[in-house]
Structure formats: structure tokens, C-alpha cells
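Results of the structural survey
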Amino acid sequence: MKVDLYERLVAKQANRRDVLKGTAGAVAALGASTMLAGMPGKAHADGHANIREAILKIPGVGQGSPTDADWQKVGEMCLGATKANIAEGEFEGVELTFMGLNNQNLHNFLFRGFLKPWEAYTGAKINWIDLAQADYNARLQQAIATGTVDFDILEMGAPFEGDVCGKGLASEMPDWVKAQIEMDDYVGYLKPPVGTWEGKTYRISIDGDCHNFNYRTDYYESAEIAQAWKDAGNDSDWAPPTTWQQVQAHTKFLKTQKDPLTATQAYGYLDPLKGWGGFGFYFLGSRATAYAKHPDDPAFLFDPDTMKPRVNNEAWVRAIQDVLDVMDAQPADQINADPGTTGFQQFLAGTGSMLSWWGDIGSSAKTSDSSVVGDVTGFSILPGSDDVWNHNEGKWETLASGPNFAPNMAYIGWGIYVMARVEGDEKKKKAAWSAAAHLGGKDLSLWCSAYPSGFQPYRQSHFNIQEWVGAGYDEAFINDYLSSEADSYNHPNAAIEPRIPGIFQYYSVAEDELAKIYAGQYGSAQEGADAIAAAWEKITDQIGRESQIALYRASLGL
Amino acid sequence: MSMTGDLLHTVDAEDLSAARIRLGRGLVWGAFGLLAALFAVQALFVSQVTSLGFDNWRPVLFGYMLWAIALCVSRVLIYGEQGKKALFVLPAALFVISMVVFPLVFALWISFSDWNLASLTGRRFNGLDNVRQMMADPFYWNAMYNMVLYTAVILVEYAIAFGLALLLNADIAARKFWRVTFLLPLMLSPVAVSWMIGKSMLEVRFGPLAKLARWLGWENPSFFSSPELAKFTIMAMDAWTFIPFMMIMILAGLQAMPKEVLEAAEVDGATPWQRFWEVTFPLMLPVSITAIMIRIIFKLKLADIIINVTSGGPGGATDSVTSFIFREYRDRSNVGYGTLLAIVYLIIIVIFMTLLLKLSERLVRRYTGAG
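Computed from a predicted structure; not experimentally measured.

1. What to know about the overall build of chain A
- Broken down by element type, chain A carries 24 helices and 14 strands.
- Taking contacts inside chain A between residues at least 6 apart in sequence as the whole, the part at least 24 apart equals 78%.

Here it is, written out as C-alpha cells:
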């Protein structure tokens, strides 16, 4: 769970629950923990339900942020699956190195706590490499390029799989691990091919990521704006848009309106027009997927047979043109607005009414001190399109099923990977996979979804609202938050980014060219898109076209 | 007094034995042989020509250190007291070679290669391909053009700095307070300036400077909305940070200037403008040129403010060479090409600064009659 959301929920909970109940819960959890520690076999025999209920009470909603002691307690209570597969002291003398992030004092900080009881039980020792987000990519790529991989277990985002799994640097997941972590429980888009290369599974998912659509409900409940919409000659109802065609029309129309909350200039959709270290490209992607991702075609960025970029096909050019068409209906400094600005300085601060972003906006809307839109924000999956580009046929199609939706699974989420360097030592390999499986366990993941961890829900079982309600969460709020994500994750036409080597190089160079397009330095969107495509071709040639084709096809499961 | 021979007046001329000299030579050549052998073994191993080698290059580094020590000892063994003189300089020279010359040579070697960290094939020598790519790279030349503009603006910064220095040198109230106040921007990290000024004070909705601009009648005070405006704002932010640096150097020069010269000019009937233009300015020229040179060096490294505030945009309008190389390196892992760009930039800077020094030397000579 994201920290902001947790704090918000905690704040709400503290008002509602009496202190005695909270204390009783904490005491009960402590008792359960102590009991389970003394009876290792009992934890598993009791089944998941009791454990899930018990861990969700650590430290207990309304009891403040979890501490290292809590992480250790949760780690200990979730050891049942490990104990079923590993004998006590089995990894005595084994030393493993774990490389991960230290963002917001989460990630590795939690892993340390979770794995401490695992270390005590198995006898293995873990050394830690903590990295800031900004240093992560360079550290990983330098380790790979210079052949100095000095870690056994790696926390990594799926987009880097091409760099690691594609180069044979990761260890294939043993079957016992698949069973232990109950992979069938993953949400649709995290199932193969994600996490797999050439049919082999490498990734233990610990997170889910996607862009969803955030909109201002007060704009759509305003009788005044609705009347103005009618007066402007529009036949359709004034309601939250479900297609990009509607988003465009609403954005242009809102130029003449006042924001119902702040009484300042109203704005429609907010495009980040400035780069963000490659991450900005995801936002054009969110506009483009409904046009470019045909339900019958798994690819939308490159041709799988040639790696010829599709970024300059009609679908992507239309998305770029859409941005150009509404630039004058966006705030004055939009050309210098990156996604951080559109999300946190604009939308949450009451500027603009529509936005694509990761789940952080939904959680921050009600929790951030600078947010003024907490009570007027609604969520849905990304808008669709009335027609979709069939790249293979070279024509636009209107689907019989209605508008084409293709939620953008931007970044896919964090996972745990075991490096191939453990392969020569069976004991070490088993230890590494056991540690990774412990972190990716079904019960532990529920706790991570419910408390600050840096990770979003990613299993079907995380969307059991009653479990959250039982733990003391507000049903309406959590339902709204989770369903927008679940609908995206499980969408049959989800656009999943290619996990090929150097994918952020493509995004980064595209950002540079997009900046030129938005600054009017190209004659047309097509001309700019052609420049992106040319730059992408260069990158593909430099990295190696044949290997990129093979890896791209593998990432698509072809 | 003799002006030739041993000016250090070495006490003992020493009669060094042939065996000692042989030992010295043997030591240095032996250590060099070991270093060369270690290098050859590891190079062949890394190139997969042989299967014998080390896990890393550390043994070669140890070999280099051993050779460096042997070189120093051999100077004394071969040249005696005279050789000891070399020990004052040799360690520093070897250190510079290790930390500056070797990395430069290594960078030059990398810059002629196709090395994308994401590539499965690793580094490949690609001749002049990177140079050809650079010649046709609009982003690089756009950044270079921006650097010309950024550097040209130093003259304006210099004029402002000179004015402020004159002001602070005058007999004004609370002079010490103003001197410290004017120095404050220099004490700030450019990253802090980026966030404090660029991201907060200039923020179009709630930034105080934007609010002030709105109050003054600018309807949409967006400081980065057009290429020209964005470039100007970046220039202004950078100038705000570094004008105090030039100012303090010029102020030091003004304070060191003999008062008698100005008094004599005044007695001779020179107007205030004549006193400045004909006396103060020429006398301050050496200090001014030093200040400008150092400022140019700072300016050529301009990157942090741009990376943080505009990412080089809109459309590359504010990109500097360094911020572009940063993107090429960090975001695109394009080590070979990025290194070539940096090497070319270094060469251009060296040539530019050398020409500038020659030019300024002439200028000083012309104005002051010195040299």
C-alpha cells in the first residue's frame, strides 16, 4: 500500500474506533504471533484465513505506522509456507546478497524485517545493497555490462526484464516456488508472458502498476456546466468521459468554464508535456493504447517480426495530434509540466479535471495535505476509443463490441528475481529462492497491500473487500480505490509494455522528440513521430536488431 | 655568483657504485616487466584469448603501484642526492597520471566505440561512427548553440557584477550587511536554486514571483512557456547564483586599487565617468579577466538547474551540452557516444579557453601597457 493512502485510512480510522478495541486487536495479534512462533506447524494447519486476519492487525489500523518489530512479526507469522518446504537450519552457512531500493525507507527496509525470522529459521545470512531510485538503473546496467553482478537476489521492475532475463542472468523459478507463492492468484496481466522468457518463469511479483483515469466528479455534477454543455449544442449527456473522443470534446469545451471548486479557470485533460527521465512517455502511451492496441494483436509499440516502430503509425500520430489539439486548452505553463506537476501540483491542487496516472493520485487525493480534491475525485479505467487502428490491415476499425479499451499497464510493477550466479550451488540456489518466495508469499503480500510498503495490490485475493473491511477499513473508499485498479489489471486487452533491453532508452529519446513536437519545431505530428521512429530504429540497431526481435517476441509470449 | 651547475648546492656529489646503479635500473625495469606481464595476462584473459587471468583488474593496479614505488626508489639508487629531488615531484606526477591522464586516455578509447549498456554484444570499436553521428545530431548542436548564448550573457553578468562591486565599494550605509547579503545566492547549491526558485517561486499558480507578476498585470505569468522566455529565465537563475562570485572578485580588486591614482585624476579635473573608464576600468582589467575566465569555466558546466527545472525544454531551448550528455548517458546508457560528446566538448573548451587567454593578454597589454 502506498504510504499516503495508509495515513489517510489511519486518520479516518482513529476517529471511528475506540482505543480499547485497537489495543485489544494489537494484543490479540501479539498473542497470535507469540503462539505461532512457538508452534511452527500450527500456523499452516490453521489455514490462511486466521493468519490473514491476524497479520492485518499488526500493528492494527489506527495504531500508527508499522515498525521494524512489526515487519519481523509479520515475517514470522507468514513463515508457514517456508517451514513446509525447508527444514530448520537447512541453509546454515549460506550467505546471500540482496539488491533493492530504499525509497521512502520502504522496500529493502521491509524486506530486512520480513526476512529476519526467515534467516533465524533457515540459518542463512543476507547482506544488503540499498539503492536510491535514481541510482538503480545505472547500478544495474553497469553491473550487467561490466560482468560484475554482485548480488544473488534482485528487486527489479518488469521493464528491466529484457536486460536481465533476456541476457540469461536470472535463475529459472523452480516448481516448488510456484506452488509456494500460489501464482494462480496473480491478477490477469501479471500472469505469463509477464515474468517469463521463452516459456521459463523468472519473476515473483510483489507489486502491480497501471495507469487509471482520474476525474473530477464535481465538474460532472455541476448543473451550470451541464447546462452550458447543452447550450453549446452538444446532444450527449454531460457525464464523465469514457472515450478519448469525449475527453477531447470536454477539454475543448471546458476552456470557457469556471472550476466549480476553485472558481478559477476550468481545465479538462492534463497532458504532461515535459519529459520525466523516460517515464513521461507512459502518458502519451495512455492516450495511445485505445487507438493502437487492437484486441487481436498483442503488439502496439513495435512490429514483432521486424522491430519496426509503430510509434509513427496512424494510431500513435492521432494520440500526438490529440495532445497538440488541446494544448491551448491547458494551463499556460503546460509545456514545462512533467507528470509530477500534472499529478501533484495541478490535479490534486484543483487545476484540471481529468488525468491519467498511477494509483498514487487516487490514494493521495484524500491524504495529501496539498490536495483539495479528495471528496470530488472519481476513478475508472483509461478511456477507450470509438475506433481502433488495425495495424496489420492498415485501417481503422469500429468493433462490434463497442469502443476499444486498452488500459496501459505502465511499468508493470516490482518483482523479486534470483540471479543465475547461484546456479552452481544447489544449497545457495534453494536458499535464494526460498527467501524470494517468502517475500512474494500470498499472505505477506496482503499485509503489504494493506500497510505502507511501496507496493499496490496485485493478486485476486487482494480484492476481497470484506477482508479489508474486517480489518477496519472504510468500505466505500477502499472499494472505489481497488475496483479502478482491478478493472485495469484484469482487462483482456490490457496494453503491456515490451520488456526488452533498453526500453527506457526508447522512452527517453521519444521524450526529447516529443518536446520538440510540442514546442512546434516539427511541421506536423507525423513528422515528429517519424523522428521518434528513426531514433528508435537507431537504438534497435545499436542494441542488436535480431536479439531485440527475439526478446520482444518472447516478452509478448509469441 | 655562479648561475650554472648545481644551484641547490647539494652537499655531497657522491660517487655512486655501478652495482647500485644497476640495482636501481634492474628494480625499475623488473617492476615494469611485472606490470606489463600482469597487464598482458589480464588483457588476454578479458579478451578471451587465454583462460588464465584474474577475477578483476586489481592485480594490475597493484603492479602499477609497485612500479611507481620502484621508480621512486630507483631515482635515489641511480642518481643519489640528485635523485631525491625527483621524489618531491614524482609521486604527485604519478598521481596525476593515474587520476587524470589515464582516465582521459581511457575515455578517448571508449569514445571511438559503440557501447550501449543494454547491448548484448558489449563494447565494439566503431571507428569514426560516433563522430559522424555527432556531426548530424541536431540535439548536440542545438545544445552547443545554447552554450554560446549562455556564455555570451556573461558579459551582461560582468557589467552587473561590476556595478554591484562599485556600489559595495562606495561609502554606503550597512555596507558589511549588503556584502554578506549579496553573497548569499552563491552559497546555495544550484539544485536548491532549481527547486526553490525554478519550481516554487516561479510556479505559475502559487509561486510568489508569479503572483507578483500577475499583480503587475501579466495575465499568465509562465516563465518557461516559450523557448525565448525559458532560456532567459534559466540565464537569470544562473546569473543570480553566480554574479556574487564575480562581484566579490571585482570588489577585492577595487579595494586593492591605489587610491592615489583616482585622487590624482580628480585633481587633474577628470569627470566621474572619465575616472571610471580611463582609470578604474583599465586597472581592474586583469582582475576582471580572471573573474570572467573562471565564470566561463563555471558556465560551461551548467547542467543542474536545467536538468531540474526544464529537462532541456521546451523543445531543447534550454539544453546545455552537459545536460544533453547527462541524458545520453543516464537515461540512454549510451556510453560510447556520450563519452565522445564529452571529449569533443573538452577539446572545444581547451581551444576556446586558450584563445581567450591569448586575447585577454593582448587586451590587458593594450589597456594597461603592461608586459
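2. Quick notes on the confidence of the model for chain A
- On average, residues of chain A score 86 in pLDDT, and 89% of them reach the 70 mark or higher.
- Confidence drops under pLDDT 50 across residues 13–46 of chain A; counting only partners more than four residues distant or on other chains, this segment forms 39 contacts.

3. Side note on the environment of R366 of chain B
- Looking at where R366 of chain B falls in the secondary structure, it is placed in helix α15 (residues 335–368).
- Residues R366 of chain B and P282 of chain B lie 84 residues apart in sequence; the distance between their C-alpha atoms is 9.4 Å.

4. Some words on the nonpolar core
- Judged by nonpolar contacts, the single largest core of 204 residues is most densely connected at I153, A435 and A436 of chain A together with I250 of chain B.
- Here the element with the most residues in this core is helix α10 (residues 227–256) of chain B; it accounts for twelve residues.
- Residues A31, L38, W67 and A70 of chain B belong to the second largest nonpolar core, which totals seven residues.

5. What to know about the interface of chain B and chain A
- Residue-level contacts link 30 residues of chain B with 34 residues of chain A.
- Broken down by secondary-structure element, the contributors of at least two residues to the side of chain B that touches chain A are α10 and α14 (321–331) of chain B.

6. Topic: helix α23 (residues 525–543) of chain A
- In this model, α23 of chain A (19 residues) spans 27 Å end to end at C-alpha, consistent with the 27 Å of a helix rising 1.5 Å per residue.
- By the burial criterion, the buried members of α23 of chain A are A525, G528, A529, A531, I532, A533, A535, W536, I539, T540, Q542 and I543 of chain A.
- Next to the buried residues of α23 of chain A lie α15 (314–326), α22 (503–518) and α24 (545–556) of chain A together with β1 (113–114) of chain B.

7. Quick word on the pairing of strand β3 (residues 153–157) of chain A
Residues and elements named next belong to chain A.
- For β3, a buried count of four out of five residues is recorded, marking the element as mostly surrounded by other parts of the structure.
- Across two bridges, strand β1 (residues 95–101) lies against β3 in parallel orientation. Looking at the pairing, M99 lines up with L154 of β3.
- Both β3 and strand β13 (residues 414–418) contribute to a ladder of five bridges, which runs antiparallel. Of the residues in β13, the one forming a bridge with M156 is G415.

Definitions and cut-offs
Residues numbered from 1 in each chain as written. Chains lettered and ligands numbered in written order. Predicted model: local features only at pLDDT ≥ 70, side-chain atom pairs only at ≥ 80, totals over all residues. Helix = DSSP H or I, 4+ residues; strand = E, 2+ residues; numbered from the N terminus. Contact = placed C-beta atoms within 7 Å. pLDDT = per-residue confidence, 0-100. Core = buried A, V, L, I, M, F, W, Y, C linked by C-beta atoms within 7 Å. Buried ≥ 20, exposed ≤ 12 C-beta atoms within 10 Å, placed from the backbone. Expected span 1.5 Å × (residues − 1). Pairing = 2+ DSSP bridges.

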